[in-house]
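# Structural overview
Single-letter residue listing:
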Amino acid sequence: MTGRPGRPGRTARTARTAGTGRSAGDGGATGSGRGGGQASAGELLELVRSGRATTRGALQQVTGLSRATVGQRLDRLFRAGWLREGAGGPVGSPLGGRPSITLEFDDEHAVVLAADLETRHARAAVLSLTGEIHAEHTGTLLVEDGPDAVLGELGRWFAGLLDEAGHRAEEVCGIGLAVPGPVDSDTGRVVQPPIMPGWDGYDIRSRLARAFSEHTGAAGVPVLVDNDANLMAYGEQRASHPDCSAFVLVKVSTGIGAGVVVDGSVYRGIDGGAGDIGHIRVPEGAGALCRCGSYGCLAAVASGGAVARRLTESGVRAASGSDVRALLAAGHPEAVGLAREAGRRVGEVLATVVTLLNPGVLMIAGDLAGTPFLTGVRELLYQRALPRSTAHLEVVTSRLGERAGLLGAGALVVDHLYAPERVEERLRAMGV
C-alpha cells in the first residue's frame, strides 16, 4: 500500500473488525453480553455462519435465550431466505431420540460480484456467498485510462458475467473491488496513489454502482473498495491459515505492498495507510526515483517494475512485472538473478516487519513470487531478524494465486452485509 501524509484534524478511529463494522473489542453473541442485551437475529446468523452454534439447542446454550425467542429470531432469518435446514446431527443423549436438525447459511439466495484491478489488467467474477466462482473474466484494462473509463468497463464486464453464470442482476447483493493503491475505508476513495493517475479522491463506489446499473438496470447495489494487498491477505488467511492470529502477505508486482490480518481482521491503520512497505527508504536505492516522486524507495529497486526496467536496460524486453513473471517461468538466467537480488532487498525490510509484528505466516505473492525471489527473501530475513521473531514463522507463497484478491473482495462484501448490526438493518428494510 502507498502511504501519504496525515490529514489535519483526523483522529484515530477505533480499530474495526474487517467487513463487520464492529469494534475489534466487541464481545461474542451471548445473552448477557453487549451491554446486557439479548442476542439479535443477526448475532444468531453469525453464530451459524461461523460454525460456533448450528442447532437450535446450541444457539439457546450459547446465547442464554429461551427456545421461543430463538425460534422467533430464526423465523425472521428463514423468511429472509438467509437460513436453511440441513441434515440431522448426531443424537445428543445416550437414551436416544430424534437427531438435532442443523442450521446452515443459505449461500444460494444471492451472489456477489468482485473485481481485482491491476495497473495493466483486471480480473472479475461472479461468486457465491461462500466464495465459489460461477463465472470469471480476465482482460486488459489500463488503470492510467482513469476511473471513469475503467469502472465503466467493469460494469460492462459484470453484466456479461451475470449472463454467463445464469444469474439476474437483482440477485447481486454487493460488489467488491480491489485496487492497487491506499484506500480510506470510510469513503472507499483512494488517496494519493502513485500508480493510479487521476484516481486520487475519486468516488469509486458511486461510479461503479452507476456503471453496473447502466449495463443491467439494477440500482442500489452496495460497493466496497479496499487495497489489493489487504484483500489478498484477507482471502488467503481465511482460505489457508484460518488459525493464524497474525498473518502478513507481501505483494510484489508493479509495486510492493503488504496486507496484515490480526485476529481475523484486516489491520488498516487510522486511515488505510498500513502496509506501505514499498515506500520504505533503503540504502541501495539512494539514486533510484520512485513513482511516488521520492528517491530510494524499496519499490524503486525491488518491485516487478524495477526488475523489468533493469532487464530492459540490459537488452531483455520486459515492460512490466507480468513480463518478468513470464521470463522467470522460462528460467531466464538474468531474470532469475535479478529476482533473487530483489528478494534480498525485500527480505532486509521484512526483517523489521517480522520483528515488529511477530507473525505466524509471512506469505509472498504477486509477479515475483517464485523460488528465486523467495530464496533471496529468506537469505536476508533469517540473517537480520531476531531468532525469537522467526522461531515459529512460516515463509510461504500464495495458495490462491491470481484469485486471492477476488476471493478476498467477495469475502469482504459478505462479511460486511451479514454482520449482526447490518443484518438487523436489512431485515427491517425487508419488513421481516
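Our structure is the block above this text.
Residues numbered from 1 in each chain as written. Predicted model: local features only at pLDDT ≥ 70, side-chain atom pairs only at ≥ 80, totals over all residues. Heavy atoms only, no water.

This brings us to the packing of helix α4 (residues 67–80) against helix α15 (residues 420–430). The geometry of α4 relative to α15 is characterised by a closest axis approach of 11 Å and an angle of 65° between their N-to-C directions. Relative to α15, the element α4 is oriented roughly perpendicular. Our pair here, α4 against α15, has a crossing hand that is left-handed. The segment α4 lies against α15, with Arg-76, Leu-77 and Ala-80 engaging Val-423, Glu-424, Leu-427, Arg-428 and Met-430. (Axes fitted to C-alpha atoms, helices over the stretch in contact; angles between N-to-C directions. Helix = DSSP H or I, 4+ residues; strand = E, 2+ residues; numbered from the N terminus. Parallel < 35°, antiparallel > 145°, perpendicular 65-115°, else oblique. Left-handed = near helix turned anticlockwise from the far one by under 90°. Contact = heavy atoms within 4.5 Å.)

A word on the packing of aromatic side chains. All told, the structure shown has two aromatic pairs when counted by the stated rule. Each ring, one from Trp-82 and one from Tyr-418, has its centre 5.3 Å from the other, and the planes form 80°; the classification is edge-to-face. Taken together, the residues span a long stretch of sequence, with Trp-82 in the loop between α4 and β1 (83–88) and Tyr-418 in the loop between α14 (404–417) and α15 at a distance of 336 residues. By way of ring pairs, the aromatic residues Trp-82, Phe-105 and Tyr-418 are connected into one cluster. Between Arg-49 and the ring centre of Phe-105, over which it is positioned, the NZ or CZ distance is 5.3 Å. Lying over the aromatic face of Tyr-418, Arg-426 brings its terminal NZ or CZ to 4.7 Å of the ring centre. (Phe/Tyr/Trp six-rings, centres within 6.5 Å; stacked < 30°, edge-to-face > 60°. Lys NZ or Arg CZ within 6 Å of the ring centre and 35° of its normal.)

The next thing to look at is the sheet that holds strand β6 (residues 172–179). If you trace the five strands from one edge of the open sheet to the other, you get β5-β4-β3-β6-β9, paired in mixed fashion. For this open sheet the edge positions go to β5 (133–140) and β9 (223–227), each flanked by a neighbour on one side alone. Direction aside, the axes of adjacent strands within the sheet are offset by 15° on average. Summarising the sheet, strand β4 (residues 121–127) and β5 pair through seven bridges and their orientation is antiparallel. Within the sheet, the bridge partner assigned to Arg-123 lies in β5 and is Thr-138. Most of the contacts of helix α5 (residues 147–165) go to β4, to which it runs at about 40°, and overall it touches β3 (111–117), β4, β5 and β6. (Pairing = 2+ DSSP bridges.)

Think of an α-helix as 3.6 residues a turn; residues three or four steps apart then line up on the same face. Taking 1.5 Å per residue as the helical rise, helix α6 (residues 204–216) with its 13 residues ought to reach 18 Å, and the 18 Å between its terminal C-alpha atoms agrees with that figure. All of the buried residues along α6 are Ile-204, Arg-207, Leu-208, Ala-211 and Phe-212. Along the long axis of α6, the arc covered by the buried residues comes to 135°, so they all point the same way. Contact partners of the buried residues in α6: β3, α5, β6, β8 (189–190) and β9. Just past α6, the residue Gly-217 takes up positive phi, approximately 85°. (Expected span 1.5 Å × (residues − 1). Buried < 20%, exposed > 50% of the residue type's maximum accessible area, 1.4 Å probe, protein only. Arc of directions from axis to C-beta.)

The angle between the axes and the distance between the axes are what describe a pair of packed helices. It is the contact of helix α3 (residues 56–63) with α4, at a shortest axis distance of 10 Å, that shows an interaxial angle of 115°. Crossing of α3 over α4 shows right-handed handedness. Residues Arg-56, Leu-59, Gln-60 and Thr-63 of α3 lie in contact with α4, whose contacting residues are Arg-67, Val-70, Leu-74 and Phe-78. The residue inventory of the contact of α3 with α4, partitioned by class, reads four nonpolar, two polar and two charged. (Nonpolar A, V, L, I, M, F, W, Y, C, P; charged D, E, K, R; others polar.)

By size, the foremost hydrophobic cluster in this structure holds 51 residues, and its most contacted members are Leu-59, Leu-77 and Tyr-418. Here this core takes eight residues from α14, the largest share from any one element. Counting residues in hydrophobic clusters, the runner-up holds 44 residues, among them Cys-297, Ala-302, Val-307 and Leu-338. (Core = buried A, V, L, I, M, F, W, Y, C linked by side-chain atoms within 4.5 Å.)

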